[in-house]
2 protein chains.
Amino acid sequence: MKSISTTIWSRPGSTLSAIAIIAGLWLTSAPTYLAGQSSDNGVNSTPFVIGHSASITSDILGEDRPLLIHTPTGYEQSNVSYPVLYLLDGDGHFHHTTGVIQFLAANNRMPDMIVVAIPNTGNRTHDLTPPQTEPDSTRQFPTAGGASKFLQFLTDELQPWVESQYRTAPYNVLIGHSFGGLFITEVLMEDAKAFNAYISISPSLWWDHEQYVEGATSIFEKNPELKGALYMTMASEGGEMLSGGWKMAGILEKHAPDSFRWKWTHMPEEDHGSIPHRSTYDGLEWLFDGWSMPSLFEVALAEDGEGLSRINKHHDELSERFGFPIQTPEALVNQVGYALLGMGRLEHALSAFKQNVENFPNSANVYDSQGDALDAACRLKEARASYARALELGEPSNDSQLDLYKSNVARLTEKISSAEVCVVAGSEM
Amino acid sequence: MKSISTTIWSRPGSTLSAIAIIAGLWLTSAPTYLAGQSSDNGVNSTPFVIGHSASITSDILGEDRPLLIHTPTGYEQSNVSYPVLYLLDGDGHFHHTTGVIQFLAANNRMPDMIVVAIPNTGNRTHDLTPPQTEPDSTRQFPTAGGASKFLQFLTDELQPWVESQYRTAPYNVLIGHSFGGLFITEVLMEDAKAFNAYISISPSLWWDHEQYVEGATSIFEKNPELKGALYMTMASEGGEMLSGGWKMAGILEKHAPDSFRWKWTHMPEEDHGSIPHRSTYDGLEWLFDGWSMPSLFEVALAEDGEGLSRINKHHDELSERFGFPIQTPEALVNQVGYALLGMGRLEHALSAFKQNVENFPNSANVYDSQGDALDAACRLKEARASYARALELGEPSNDSQLDLYKSNVARLTEKISSAEVCVVAGSEM
């Protein structure tokens, strides 16, 4: 089928008509997180689920650690591997951070990601802070200093566990706020390659009277050719917090190689509590800058029929840049296919749907879409086979479009046995 | 108990020490949406639920309409009534919009809200658009023109149903994007008081070759003293879409009375698909501008002991401004109480906890917190009674802090029977 929701906001004849044709692209990835079908009227029939709790026993920390895990829409039905976002202070930020990712990914601004949120247990201060040298610092935070061990937990226990449980791509992002941002500085100093990118939100760089941040030059002494990315923000905190932030920016400016992308943004209109959301949104947008192809809609429908191969090339370049395989998304190719079909460009439409069938062989919908194009081309037996494959794939998961697939199979069976002559949908459509 | 997560990012001795003391305020409302307690290790143990599906039979529309409903954290355990946000294109925007509300409310930037998301059914174009006059418009959208009926569904069926099912405050917000934004213009023209505030995101004001938007002067002819608020944005769409937007801004500038707040923001760096998130975040922040009291932390701990009454006065003013009763939030007062307790200001702390007990008599935690202060004041029997009340209230819902309440009752029982003399925690703490 075409898509669940479509938005048509422009009109033929305006300068925007080409865009209007496939405007449905924008809302194609409406999440379908309802745990099952609702059959009864009224309230509370089916929960809307965005993740699950999990737990890992850590020998390094000597305790069980709770986790919250979010997988992208359609994860169960796909064969795609996803990059992973690790989120500190996990419980407080799980809902809005996964919401941002769902939204940006649905709009082709970043990849869909698995989110592994790490709630705090007994001693957040211990887990997220490096040791101190100043006597009054030590008095104030007597339990500080567990950051190295916590990092070891992340790299030696949590990451391998996540990779064993989920289809992960080799690209990991770490987000931390406040002491979590301070922790990111420690990760960079100790093991900068532990993650591919970092979003450090109002990091507590006043730590140990700013003695600590001065050691950040070691990041690039250890790794003169470090590849990676760091987005860092600071709110209205001021004082040693802000001067620590400027010190860090100075170190990055002076020592970071070109291969290490970084950006520092002062957001004085935010306070320490409100800064995480905008930092997360802006940080992910910055990190995946260029993810969306410029003039995607015009490119897709280029008259020379090379639109899709240009879009595929863009995704090959993204794969090269980010270091993991990135396929042109199923929903995007599906919409391009329908746009071409609507314009009567049958062969180009069939190529698009064929690409989706090859890349996403577990998806019922790609076969249903291909069936529509084969039907339009009067390749009726192939169309019926494609619809039948959709039905076969959709049945085990009780796919919400099952009735559509069934009716398409029935319709084609009738059409094949009908005496009427099939007329190929042509460019006059 | 104090709070689930606390953030301490500053240090005594710095200019920020007063803030540091109650810095935990920022993360006190970590959402607890886990549907139950997780008892087994591993993946997928407990779903993280942010809402539920529901369904309403509409006589006006002649069909069943699916809904998605989000209630604030702690809704089941509280007696508070909440304002309601109605969300068009509901399925596509449910996750990220509820995430924004959870985040902003947890940071005291807006009230917690019930969200009623309205997914589309068969004919979005019909439901959300007014009739057309231009012949080529009619050809392009032959099914258009159902907006009046859809509005009637919202006001005569959906709102009464929501108010019968949930504890609602009389303050309703409507958010719509694209045709949903166009629909908001229709609501303003037909029945501007149907909602208290509107967020109109890239509205399709090119509708009917901009004939339609010119009728918007009628909004204020019908309601010369209209009270309300409208936040309107436009992305990079350009063309008749943008000129329609400027026309609307011109009408608002010329005709809107002072009692009608409005803001128009052109966001040319966004596209039609990406604009909803920033518009929602910025729009809610603008709508509830002033919700958070300036210098809240300093005010709370004022040495004259009047901090809490000033904060209460601020919330009385908010009630007046928004037209529904707004109590000083439980989590905020709880944190103020603990901050005062930590400073040894026992009587002020007890007043804070007493206020919470009076305002939120169904909350187990307010009694537990009051128990801590009574214990510190050596009012041991009252402390035990307060802990016992927490236990009694927490048991039916299997409150996650049940073990804490139990151990507090046991501890006080022992302390009461002990021979040791109780020493009141004083200002030397």
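Model, not experiment: these values are computed from the prediction.

Q: If you had to explain the overall build of chain A to someone new, which residues and values would you point to?
A: Summing up its helical and strand segments, chain A has 16 helices and eight strands in all. The buried share of chain A, taken over its 429 residues, is 61%. In chain A, 69% of the contacts between residues at least 6 apart in sequence involve partners at least 24 apart.

Q: How would you summarise the nonpolar core if you had to cite specific residues and measurements?
A: Taken as a class, soluble globular proteins show a tendency for nonpolar side chains to be buried jointly. Core analysis: the biggest nonpolar cluster contains 96 residues, and L158(A) and F183(A) have the highest contact counts within it. No other element matches the eight residues that helix α5 (residues 147-165) of chain A contributes to this core. Excluding residues that lie within four positions of it along the chain, L158(A) makes contacts with I56(A), L67(A), Y86(A), V116(A), I118(A) and F153(A). Judged by nonpolar contacts, the second largest core, of 74 residues, contains V100(A), F103(A), A235(A) and A169(B).

Q: How would you explain helix α11 (residues 307-322) of chain A if you had to name every residue and give the values?
A: Residue and element names in this part refer to chain A. Taking 1.5 Å of rise per residue, 16 residues should cover 22 Å, and α11 covers 23 Å from first to last C-alpha, within 8% of that figure. Every buried residue of α11 is accounted for by G307, L308, I311, N312, H314, H315, L318, S319 and F322. One side of α11 carries all its buried residues, which in axial view fall inside an arc of 155°. Residues of α11 that are exposed and point over 90 degrees away from its buried face: K313, D316 and E320. Elements that come into contact with the buried residues of α11 comprise β5 (168-177), α9 (275-287), α10 (296-300), α12 (330-342) and α13 (346-359). Downstream of α11 by a residue or two, G323 has a phi angle that is positive, lying close to 80°.

Q: Please set out the side chain of E237(B) residue by residue, giving values where relevant.
A: If you trace the backbone, E237(B) turns up in the loop between β7 (228-234) and α8 (239-255). R109(A) is the oppositely charged side chain nearest to the buried, salt-bridge-free E237(B), at an N-O distance of 10 Å. Only 2.6 Å separates the side chain of E237(B) from the side chain of S202(B), close enough to count as a polar contact. Looking at E237(B), its side chain comes within polar contact range of the main-chain nitrogen of A235(B), at 2.9 Å.

Q: Give a description of the packing of aromatic side chains that names residues and reports values.
A: By the definition in use, this model includes 46 aromatic pairs over all chains. Relative to Y198(A), the ring of F195(A) lies with its centre 5.9 Å away and its plane at 70°, an arrangement referred to as edge-to-face. Between the aromatic rings of F150(B) and F153(B), the centroid separation amounts to 5.7 Å while the plane-to-plane angle is 45°, which identifies the pairing as tilted. Taken together, the positions of F150(B) and F153(B), both in helix α5 (residues 147-165) and three residues apart, correspond to about one turn of that helix. Its relative accessible area of 2% is what places F150(B) among the buried residues. Among the aromatic residues, ring-to-ring pairing joins Y171(A), F288(A), W291(A), F322(A) and F324(A) into one connected group. One cation-aromatic arrangement involves R389(B) over Y367(B); the distance from NZ or CZ to the ring centre is 5.7 Å.

Q: Lay out the pattern of salt bridges with the relevant residues and their values.
A: Across all of its chains, the model carries 34 salt bridges over all chains by this definition. With a shortest N-O distance of 3.9 Å, K354(A) and E358(A) are connected by a salt bridge. One end of the pair is K354(A) and the other is E358(A), both in helix α13 and four residues apart, which spans about a single turn. Judged by its relative accessible area of 49%, K354(A) falls in the partly exposed class. For E358(A), a relative accessible area of 54% corresponds to the exposed category. E382(A) serves as the salt-bridge partner of R379(A), at 2.9 Å between the closest nitrogen and oxygen. For R379(A), a relative accessible area of 33% translates into the label partly exposed. On the basis of relative accessibility, which here comes to 39%, the residue E382(A) falls in the partly exposed class. The structure contains a network of salt bridges with shared partners spanning R109(A), D282(A), E285(A), E270(B), D271(B) and R278(B).

Q: Now, about unusual backbone geometry: what can you tell me, with residues and values included?
A: Residue and element names in this part refer to chain B. Phi angles above zero are rare outside glycine, and N108 is one such case at about 55°. You can see N108 is positioned in the loop between α2 (90-106) and β4 (114-118). According to the relative accessible area criterion, N108 is buried, its value standing at 17%. Positive phi, normally seen in glycine, also occurs at S178, with a value near 65°. Tracing the sequence through the fold places S178 in the loop between β5 (168-177) and α6 (179-191). What makes S178 buried here is its relative accessible area of 0%.

Q: Go over the packing of helix α2 (residues 90-106) of chain A against α2(B), please, and point to the residues and values.
A: Between two packed helices, both the angle of their axes relative to each other and the distance between the axes serve to describe the pair. Where α2(A) contacts α2(B), the axes come no closer than 8 Å and their chain directions differ by 145°. Relative to α2(B), the crossing made by α2(A) is left-handed. Between α2(A) and α2(B), the residues in contact are G92(A), H93(A), H95(A), H96(A), T98(A), G99(A), Q102(A) and F103(A) and G92(B), H93(B), H95(B), H96(B), T98(B), G99(B), Q102(B) and F103(B), respectively. A breakdown of the residues in the contact of α2(A) with α2(B) according to their chemical character gives two nonpolar, 14 polar and no charged.

Q: Describe in detail the pairing of strand β3 (residues 82-88) of chain A, supporting the description with residues and values.
A: All names here are of chain A. Among the seven residues that make up β3, seven are buried, leaving the element largely enclosed by the rest of the structure. Taken together, the five bridges between β3 and β5 define a ladder with parallel strand orientation. What sits directly across from L87, in β5, is I175. The pairing of β3 with strand β4 (residues 114-118) spans five bridges and is classified as parallel. Residue pairing for β4: Y86 is matched across the bridge by V116.

Q: An account of helix α16 (residues 402-417) of chain A is requested, with residue identities and associated values reported.
A: Residue and element names in this part refer to chain A. Here α16 contains 16 residues, and its C-alpha end-to-end distance of 23 Å stays within 8% of the 22 Å for a straight helix at 1.5 Å per residue. Taken together, the buried positions of α16 are occupied by L402, Y405, N408, V409 and L412. The buried residues of α16 occupy one face: seen down the axis, they fall within an arc of 125°. Summarising the geometry of α16, the exposed residues directed more than 90 degrees from the buried face are D403, E414 and S417. Looking at the buried side of α16, the elements it contacts are α14 (364-376) and α15 (380-394).

Q: Provide a residue-level description of the environment of S407(B), including the pertinent values.
A: All names here are of chain B. Within the element layout of this structure, S407 appears in helix α16 (residues 402-417). The exposure class of S407 is partly exposed, given its relative accessible area of 39%. A C-alpha to C-alpha distance of 9.9 Å links S407 and L391, two positions 16 residues apart in sequence.

Q: Before we move on, can you summarise the environment of W246(A) with the specific residues and values?
A: Residue and element names in this part refer to chain A. Here W246 is to be found in helix α8 (residues 239-255). For W246, a relative accessible area of 46% corresponds to the partly exposed category. Between the C-alpha atom of W246 and that of M234, which follows or precedes it by twelve residues, the distance is 9.5 Å. Not counting residues within four places of it along the chain, the set of residues in contact with W246 comprises W264 and H266.

Q: Can you break down the pairing of strand β1 (residues 47-58) of chain B residue by residue, with the values?
A: Burial within β1(B) is extensive, with nine of its twelve residues counted as buried. Hairpin connection of β1(B) to strand β2 (residues 63-70) of chain B: four residues between the antiparallel strands, including G62(B) at a positive phi of 70°.

Q: Got a sec to walk through the packing of α14(A) against α16(A)? Specific residues and values, please.
A: Residues and elements named next belong to chain A. For the pair α14 and α16, the least separation of the axes is 11 Å and the interaxial angle reads 30°. By the angle between their axes, α14 is roughly parallel relative to α16. Of the two elements, α14 crosses α16, and the hand of that crossing is left-handed. Along its contact with α14, which presents A364, N365, D368, D372 and D375, the element α16 presents L404, Y405, N408, R411, L412 and K415. Across the contact of α14 with α16, the residue classes break down as four nonpolar, two polar and five charged.

What counts as what
- Along every chain, residues carry numbers that run from 1 in the direction the sequence is written.
- Whichever chain is written first is A, and whichever ligand is written first is 1; the rest continue in order.
- Totals for whole chains, interfaces and linings use every residue, but because this is a predicted model, local features are given only for residues with pLDDT of at least 70 and side-chain atom pairs only at 80 or more, for both listing and counting.
- Where side-chain values are given, they derive from all heavy atoms of the structure, hydrogens and water being excluded.
- Runs of E in the DSSP output that reach at least two residues are strands. Runs of H or I that reach at least four are helices, and both are numbered from the N terminus.
- Each residue gets one of three labels from its accessible area relative to the maximum for its type: buried under 20%, exposed over 50%, partly exposed in between, using a 1.4 Å probe on protein chains only.
- We call two residues in contact when some of their heavy atoms are within 4.5 Å.
- Residues grouped as a nonpolar core are buried Ala, Val, Leu, Ile, Met, Phe, Trp, Tyr and Cys residues, joined through side-chain atoms within 4.5 Å.
- Multiplying 1.5 Å by the residue count of a helix minus one yields the expected span of that helix.
- The directions considered for the arc run from the helix axis to the C-beta atoms.
- Neither His nor the chain termini are counted; the positive set is Lys and Arg, and the negative set is Asp and Glu.
- Any Lys or Arg side-chain nitrogen located within 4 Å of an Asp or Glu carboxyl oxygen qualifies as a salt bridge.
- Side-chain atoms alone can form a polar contact between residues adjacent in sequence; in general such a contact is a pair of N or O atoms within 3.5 Å, and within protein one must be able to donate a hydrogen while the other accepts it.
- Aromatic rings from Phe, Tyr and Trp, with only the six-membered ring used for Trp, were paired whenever their centres fell within 6.5 Å, and each pair was classed as stacked if the ring planes differed by under 30 degrees, edge-to-face if by over 60, and tilted otherwise.
- In our convention, an over-ring charge means Lys NZ or Arg CZ found within 6 Å of a ring centre and within 35 degrees of that ring's normal.
- Axis geometry follows a simple rule: fit a line to the C-alpha atoms, using only the stretch in contact for helices, then measure angles between N-to-C directions, giving values from 0 to 180 degrees.
- Each crossing gets its hand from how the near helix is turned against the far one by less than a right angle, where anticlockwise is left-handed and clockwise is right-handed.
- Note that Gly is not counted as nonpolar here; it falls among the polar residues with everything else outside the nonpolar set of Ala, Val, Leu, Ile, Met, Phe, Trp, Tyr, Cys and Pro and the charged set of Asp, Glu, Lys and Arg.
- Two strands qualify as a pair provided DSSP detects at least 2 bridges between them.
- Any angle between 65 and 115 degrees counts as roughly perpendicular, while under 35 counts as roughly parallel, over 145 as roughly antiparallel, and the rest as oblique.

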